[in-house]
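A closer look at the structure
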Amino acid sequence: NDVVETRRSKKLFPGDTVTFGGATNLDVAAEVKKKGYVYKPKVKKVKPLPRVDAEGNLEFGGRYRSEEWRAERKLKKEERKKKNQGSK
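Below or above, wherever it landed, is the structure these notes cover. (Residues numbered from 1 in each chain as written. Predicted model: local features only at pLDDT ≥ 70, side-chain atom pairs only at ≥ 80, totals over all residues. Heavy atoms only, no water.)

What follows is about the overall build of the protein. Along its length, the protein carries two helices and four strands. In the protein, the order of α-helices and β-strands from amino to carboxyl end is β-β-α-β-β-α. Within the protein, counting contacts between residues at least 6 apart in sequence, those at least 24 apart form 3% of the total. Carbon and sulfur atoms provide 54% of the accessible area of the protein, an area that totals close to 9200 Å². (Helix = DSSP H or I, 4+ residues; strand = E, 2+ residues; numbered from the N terminus. Contact = heavy atoms within 4.5 Å. Areas by Shrake-Rupley, 256 points an atom, 1.4 Å probe, with all protein chains shown as cover.)

Right, here's the structure in full:
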């Protein structure tokens with residue numbers, strides 16, 4: 001990009017050139033290969049599939065919660081809604 005990067009710990013990509021220790025225009029890929037470093041392949045995390053609840057809504061996450069807990073939360077939510085509607 002022909003932009004001088006002065007920040008520390010900036011990620012370098014193959015094709016980038018750097019100046020270091022008096023040497024100029026070092027190719028990052030070549031210098032890394034000389035040192036024998038192997039980049040770790042980036043592995044994407046597997047996203048969990050959503051569950052479909054009784055109303056047909058997609059529910060993501062919360063896999064560690066029991067069905068009893070879910071039922072209790074739903075009842076509490078309905079009670080809060082009724083209470084909030086009554087106070088208006």
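The discussion continues.
A cluster of basic residues, Arg65, Arg73, Lys77, Arg80 and Lys81, forms a positive patch at the surface. Along the chain, Arg80 turns up in helix α2 (residues 67-86). Overall, Arg80 belongs to the partly exposed group, its relative accessible area being 45%. (Patch = residues over 30% accessible without salt bridge, like charges linked within 9 Å, V, L, I, M, F, W, Y side chains within 5 Å. Salt bridge = Lys/Arg side-chain N within 4 Å of Asp/Glu carboxyl O. Lys, Arg positive; Asp, Glu negative; His and termini not counted. Charge placed at Lys NZ, Arg CZ, Asp CG, Glu CD. Buried < 20%, exposed > 50% of the residue type's maximum accessible area, 1.4 Å probe, protein only.)

With the rule as written, the count across this model stands at two salt bridges. Across the pair Arg70 and Glu67 runs a salt bridge whose closest N-O atoms are separated by 3.7 Å. Linking Arg70 with Glu67, this pair stays in helix α2, spanning three residues, or about one helical turn. Judged by relative accessible area, which is 15%, Arg70 ranks as buried. Of the residues examined, Glu67 reaches a relative accessible area of 45% and is grouped as partly exposed. Glu72 is the salt-bridge partner of Lys76, the closest N and O atoms lying 3.4 Å from each other. Taken as a pair, Lys76 and Glu72 lie in helix α2 at a separation of four residues, close to a single helical turn.

As a further point, take the environment of Lys47. Inspection of the secondary structure puts Lys47 in the loop between α1 (28-35) and β3 (51-52). Judged by its relative accessible area of 72%, Lys47 is exposed. As a C-alpha pair, Lys47 and Phe60 span 13 residues in sequence and 9.6 Å in three-dimensional space.

Quick look at the pairing of strand β1 (residues 17-20) now. Strand direction decides the pairing type here: β1 and strand β2 (residues 23-27), joined by three bridges, are antiparallel. Bridge assignment links Val18 to a residue of β2, and that residue is Leu26. Counting the residues between successive antiparallel strands, the hairpin from β1 to β2 contains two residues, one of them, Gly21, with a positive phi of roughly 60°. (Pairing = 2+ DSSP bridges.)

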